[in-house]
Amino acid sequence: QPTVYLAMAQGERGSPYREYELRTDGPLSSIVPGVKRAVAEVNRSITIDLTPLSVQLDASLTRDRLMATLSGFFGVVALLLATVGLYGTLSYSVARRRNEIGIRIALGAARGRVVQLVLGEVARMVIVGVMLGAVAALASTRLVRSLLYGLSASDPATVIVSVALLTVVAVAAGALPAWRAARVDPIAALREE
């Protein structure tokens, strides 16, 4: 398959560039002298610059690649902030209920049942949050559709990974404090204010 080169030629000062496409099976060094000689025969004031098409294509996509990289970076940062915020909020919510958990255990509730009760409430919050977030994400795809290249606006892999990660964080955020609170001595939990 021949390699494609773009020849950019410019004549007198101020004259516009003209681009020509050259295809060759050999290396660029083998055609440069012949091309420059042929151009010089027409007009010696014309300068010529031969560049592989792949190099020009890479240069033209630099801005788009930078935007894609920055978007990906900020997407990861947003996901990290969401996981930290979710963990903090759910962990605080469960820790606030430590006295209630102590009272339940003092009244005879099984520790496993208390953890299950807390995780059930966390699961309800996560389900509502995931549904609202998925609807908002799918609704906002119309805004970013023109910026996506080679991806669906509702890329299922991205949605699944995000939902799975946030669900794992939510379960951990609810389970760890609930487990700690369920192991505490009921008398100590009742004395705390």
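Up top you'll find the structure we're talking about.
Residues numbered from 1 in each chain as written. Predicted model: local features only at pLDDT ≥ 70, side-chain atom pairs only at ≥ 80, totals over all residues. Heavy atoms only, no water.

1. Comments concerning the environment of P177
Inference 1: Within the secondary structure layout, P177 lies in helix α6 (residues 156-183).
Inference 2: Residue P177 is classed as buried on the basis of its relative accessible area, which comes to 6%.
Inference 3: Between the alpha carbons of P177 and V94 there is a distance of 6.2 Å; along the sequence they are 83 residues apart.
Inference 4: With near-sequence residues (within four places) excluded, P177 lies in contact with S91, V94 and A172. (Helix = DSSP H or I, 4+ residues; strand = E, 2+ residues; numbered from the N terminus. Buried < 20%, exposed > 50% of the residue type's maximum accessible area, 1.4 Å probe, protein only. Contact = heavy atoms within 4.5 Å.)

2. Some remarks on the nonpolar core
One broad trend across soluble globular proteins is that nonpolar side chains are buried collectively.
Inference 1: With 14 residues, the main nonpolar core has L90, I101, I105, V118, V122, A170 and A178 as its most contacted residues.
Inference 2: Listing elements by their share of this core, those giving two or more residues are α3 (62-96), α4 (98-106), α5 (111-144) and α6.
Inference 3: Setting aside residues up to four positions removed in sequence, A178 forms contacts with V94, V115 and V118. (Core = buried A, V, L, I, M, F, W, Y, C linked by side-chain atoms within 4.5 Å.)

3. Focus on the packing of α5 against α6
Inference 1: Two numbers describe how α5 lies on α6: the axes approach to 9 Å, and their chain directions differ by 155 degrees. It follows that α5 is roughly antiparallel to α6 by the angle criterion. In this structure, α5 crosses over α6, and the sense of that crossing is right-handed. From α5, R111, V115, V118, L119, V122, V126 and V130 reach across to α6, where they touch V163, T167, A170, V171, G174, A175, A178, W179, A182 and R183.
Inference 2: Class assignment for the residues of the contact of α5 with α6 results in 13 nonpolar, two polar and two charged. (Axes fitted to C-alpha atoms, helices over the stretch in contact; angles between N-to-C directions. Parallel < 35°, antiparallel > 145°, perpendicular 65-115°, else oblique. Left-handed = near helix turned anticlockwise from the far one by under 90°. Nonpolar A, V, L, I, M, F, W, Y, C, P; charged D, E, K, R; others polar.)

4. So, the environment of A134
Inference 1: If you trace the backbone, A134 turns up in helix α5.
Inference 2: When the C-alpha positions of A134 and V163 are compared, they lie 8.6 Å apart, and in sequence the two are 29 residues distant.

5. Here's the deal with the environment of V130
Inference 1: Within the secondary structure, V130 is located in helix α5.
Inference 2: Along the chain, V130 and L166 lie 36 residues apart, while their C-alpha atoms are 8.6 Å from each other.
Inference 3: Aside from chain neighbours lying at most four places away, what touches V130 is V163 and T167.

6. Some remarks on helix α1 (residues 28-42)
Inference 1: For α1, built from 15 residues, the straight-helix expectation of 21 Å at 1.5 Å per residue is met to within 8% by its first-to-last C-alpha distance of 21 Å.
Inference 2: Those residues of α1 lying buried are I31, V35 and V39. The arc that holds every buried residue of α1, seen down its axis, measures 65 degrees, which confines them to one face. For α1, the exposed residues lying more than 90 degrees away from the buried face are S29 and E41. (Expected span 1.5 Å × (residues − 1). Arc of directions from axis to C-beta.)

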